[in-house]
Amino acid sequence: MTRTIAVLLAVVASICSFAAEMDFEPYREAVQVLLADEATPDVTLPDRLRERGLRKDPAWPGITGFGFTAPITNRIGYGVIDPATETVVGFTAAMPEPPVPMDVMEPDAAIAIARDFCSRHLPELLADGGEVRETVDEKVTPLGAWLVRLQRLVEGVEAPTYAEVGVRVYDQKVVHFRRKHVPLDAALDLPGTVTKERAIQIATDAIPWDDYIPLFWFDVEHKVSAIDGVQRNVWSVWGEIRRKTSRLKTMGMAYRWVIDANTEEVISGESSKCTKELWHRYRKAGGPRYPSNSYGAPSVAFKDSEPLYSPDGARVLFRSTRARDGWPAYLNPNPSLFVINADGTGLTCVMPYNAVLPQWSQDGRRISCIRKGELVVFDAEGGNETTLPTEKLWVPLQHVWLPDGKLVVHVCKYGNLSRLLLMDPSNPEAAVELPKTCGPNGSYGGMSVADDGALLFISRENTDMSPSRDQERNRNPYSLWKLSPISPDAEPEMVVKYLAFGRTVTPAGGGKLITGTVANEGLLIADPLTGEATKWRPPTPFVSSIEKPFVVEPEDCCFAPGGETMAFASRWWDYSQEHPSRRLIWTSKRDGSDLKQLTPLDTEPVKVAGTEEAAE
């Protein structure tokens, strides 16, 4: 009976949810008017307008939206509705699909385009009897646009008429628009008698605790604000306050007062947690301190990761989110593949698209990777791509090059069926299946090639059993296997039985392998000759930042041929917090000595090798 009631309630809730879905069709024409403007990119609305969740923004409370396209990726445009007034208040175009032009227009040109657009779609902003304050955000948005903020002022007081216009930097198209307008109450007395200095003094006198003092004033705004449904001329004053006896160097409490600009009445006062949005406003105003939470951490300019030496040790292949031609930093590009010489010169992007699990060919002339679920082979200098097909629904995962130029590829189906295929890039249609299992119900992990040309690969045992059956295997479910010769008829041989890690393996020199990637969790070095796996933790040498030294913590470790030199990824910090942090590739001797920074701090877009072929 209880179950029946629960099912009925679920059905009723589902019906009510469907019935309560907002109908966006009445807004179609108004949105089309915005999108038909000569300044906007071409957008075709779908047959049905479906609700689309919008990111919360204190400047635009209560708005909702509908998508322009199916939400398959985050590259989706949407119209914006204010349900309270039942009006269309803007739109946002879809994020651009790279590669895009690297041109960047001047912010002043964006202001002119924004004003012109508002003259057609928010004429109240530019009407007689007031003026417009224009500001442009310092960074290009992920839409690839300068965000222009247009605030109407009457007698120097902010009126409730405001617009945001995003103008795309490479084609001057308006890709973002928000508008709001409320007519001013004729009874308002503007600009009022209270000056900015007097408002700050009133706020100082109104601090609710005797043992607190003001440290810094920010966002002191003279505006018309609706309070209890009535427009009032007020000062909105934000202050950083702290106990007189406090010795903390972090940001103090943020407190906001609302003060009548004619009567000096303190209408309201309240403290606020340091949200990310509030902290950015504080810093933009020149606030000297940082909050104690994570908002004070510097942003990350880019991340270099997963270095891999070429077979001759002369170059290092790695993944990175660095900007590259066609993928500017404002698009927050996904990791792609870069190559740099071992002496730190010749940084080049060889694969600009999102790519994972790259591998060098044994002769160092080609590179392979997984891109969009396909195994791709291309020249080490970039371009000349070949896609190696697999059967439908079989997705390539791990792979490794053999000395004869062929590849062994682990393909997976439905997340649990695994096969090893022998594939030849010169004849991609032909593939030979290697032994199916290595141990009972095994699945495959990282792969490598031994010095004698044998295939080394990880197999993960089925651990769906009671822990009492095999405690050690449940804690260490991986094992290392060897296949020689590499053929369908060969029998694999287990060479290392118990491994705690196995999703990735990296040559460690001397025929040994590293399993695992995160140094602070501990790594294993497996020796196929002895069958032993020993724990290894990379050294943590020191390096100097702009102001003070910090510890380099190696991750994604790999070794050059011979095993004496290692490359790894680690964070670079600027403790002055004036510059974004970066994750760089470093090199050192095996014991941590002779530490060198391999990849540069430079954030300029990197040239893409074989650009024409890659763009195709």
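It should be emphasised that the depicted structure is a prediction, and the values quoted were computed from it without experimental measurement.

Enquirer: Just to check I follow, could you spell out the overall build of the protein chain for this structure?
Expert: Secondary structure summary: the protein chain contains 7 helices and 38 strands in total. Looking at the protein chain as a whole, 46% of its 616 residues qualify as buried. For the protein chain, contacts bridging at least 24 residues in sequence account for 49% of all contacts bridging at least 6. Of the roughly 31,400 Å² of accessible surface on the protein chain, 50% is carried by carbon and sulfur atoms.

Enquirer: What exactly am I supposed to notice about the sheet that holds strand 22 (residues 407–413) here?
Expert: Hydrogen bonding along the main chain pairs the strands of a sheet, whether they run parallel or antiparallel. One open sheet holds the 4 strands; their spatial order is 21-22-23-24, and the pairing between them is antiparallel. Bordering the open sheet on either side are strand 21 (395–401) and strand 24 (431–433), each of which pairs with just one other strand. Sheet twist, expressed as the average angle between the axes of neighbouring strands with direction ignored, equals 30 degrees.

Enquirer: Whenever I open this one, the sheet that holds strand 32 (residues 532–536) confuses me. Can you help?
Expert: Judged by pairing direction, the sheet is antiparallel, and its 4 strands sit side by side in the order 29-30-31-32 without closing on themselves. Edge positions in the sheet fall to strand 29 (505–509) and strand 32, since each has one partner strand and no second. Each strand axis lies, on average, 30 degrees off the axis of its neighbour in the sheet, ignoring direction. Here 5 bridges tie strand 31 (residues 523–527) to strand 32, and the two strands are oriented antiparallel to one another. Bridging from a neighbouring strand, L524 pairs with K535 of strand 32.

Enquirer: Would you explain the packing of aromatic side chains in this entry?
Expert: Between two aromatic rings, the relevant description is the distance of the centres plus the angle of the planes. Using the criterion set out here, one finds 16 aromatic pairs in the structure. Each ring, one from W209 and one from Y255, has its centre 5.9 Å from the other, and the planes form 90 degrees; the classification is edge-to-face. Here the residue W209 occupies a position in the loop between helix 4 (196–205) and strand 9 (212–227), and Y255 occupies one in strand 11 (residues 253–260), the gap between them amounting to 46 residues. On the basis of relative accessibility, which here comes to 36%, the residue W209 falls in the partly exposed class. Residue class for Y255 comes out buried when judged on its relative accessible area of 9%. When the centroid spacing of 5.6 Å and the interplanar angle of 50 degrees are considered together, the rings of W536 and F559 count as tilted. Of this pair, W536 sits in strand 32 while F559 is found in strand 35 (residues 555–559), placing the two residues 23 residues apart along the sequence. In terms of burial, W536 and F559 fall into one category: buried. By way of ring pairs, the aromatic residues W209, Y212, W217, Y255 and W257 are connected into one cluster. For the cation-ring pair, R590 lies above F559, with the distance from its terminal atom to the ring centre recorded as 4.3 Å.

Enquirer: Would you mind going over helix 4 with me for this structure?
Expert: At 3.6 residues per turn, the α-helix brings residues three or four places apart onto the same side. Looking only at helix 4, the buried set comprises A199, I200, I202 and A203. Each buried residue of helix 4 lies within a common arc of 160 degrees when the element is viewed along its axis, so the set occupies one face. The exposed residues of helix 4 that point more than 90 degrees off its buried face are E197 and D205. Looking at the buried side of helix 4, the elements it contacts are strand 9, strand 10 (230–243), strand 11 and strand 12 (266–272).

Enquirer: Looking at this structure, I do not really get the nonpolar core. What am I missing?
Expert: One broad trend across soluble globular proteins is that nonpolar side chains are buried collectively. Counting residues in hydrophobic clusters, the biggest one holds 36 residues, and the most contacted among them are F91, L150, V165 and F177. Counting only elements with at least two residues in this core, the list comes to helix 2 (28–35), strand 4 (87–92), helix 3 (107–121), strand 6 (145–154), strand 7 (157–168) and strand 8 (174–181). Looking at this core, the element that brings in the most residues is helix 3, giving 5 residues. Filtering out sequence-adjacent residues up to four positions away, F177 remains in contact with L34, V89, G90, F91, F117, C118, H121, A163, E164 and V165. Ranked by size, the runner-up nonpolar core spans 16 residues in total, among them F302, A508, F550 and M566.

Enquirer: Sorry, what's going on with the environment of P403 here?
Expert: Within the fold, P403 resides in the loop between strand 21 and strand 22. Separated by 40 residues in the primary sequence, P403 and D363 place their C-alpha atoms 7.7 Å from one another. For P403, the residues in contact, after removing those within four places along its chain, are Q362, V449 and G453.

Enquirer: For this particular structure, what's the right way to read the environment of P58?
Expert: Structurally, P58 can be placed in the loop between strand 1 (51–52) and strand 2 (64–67). Through-space distance from the C-alpha of P58 to that of E277 is 9.0 Å; in sequence the pair is 219 residues apart.

What counts, and at which threshold
- Residues numbered from 1 in each chain as written.
- Predicted model: local features only at pLDDT ≥ 70, side-chain atom pairs only at ≥ 80, totals over all residues.
- Heavy atoms only, no water.
- Helix = DSSP H or I, 4+ residues; strand = E, 2+ residues; numbered from the N terminus.
- Buried < 20%, exposed > 50% of the residue type's maximum accessible area, 1.4 Å probe, protein only.
- Contact = heavy atoms within 4.5 Å.
- Areas by Shrake-Rupley, 256 points an atom, 1.4 Å probe, with all protein chains shown as cover.
- Pairing = 2+ DSSP bridges.
- Axes fitted to C-alpha atoms, helices over the stretch in contact; angles between N-to-C directions.
- Phe/Tyr/Trp six-rings, centres within 6.5 Å; stacked < 30°, edge-to-face > 60°.
- Lys NZ or Arg CZ within 6 Å of the ring centre and 35° of its normal.
- Arc of directions from axis to C-beta.
- Core = buried A, V, L, I, M, F, W, Y, C linked by side-chain atoms within 4.5 Å.

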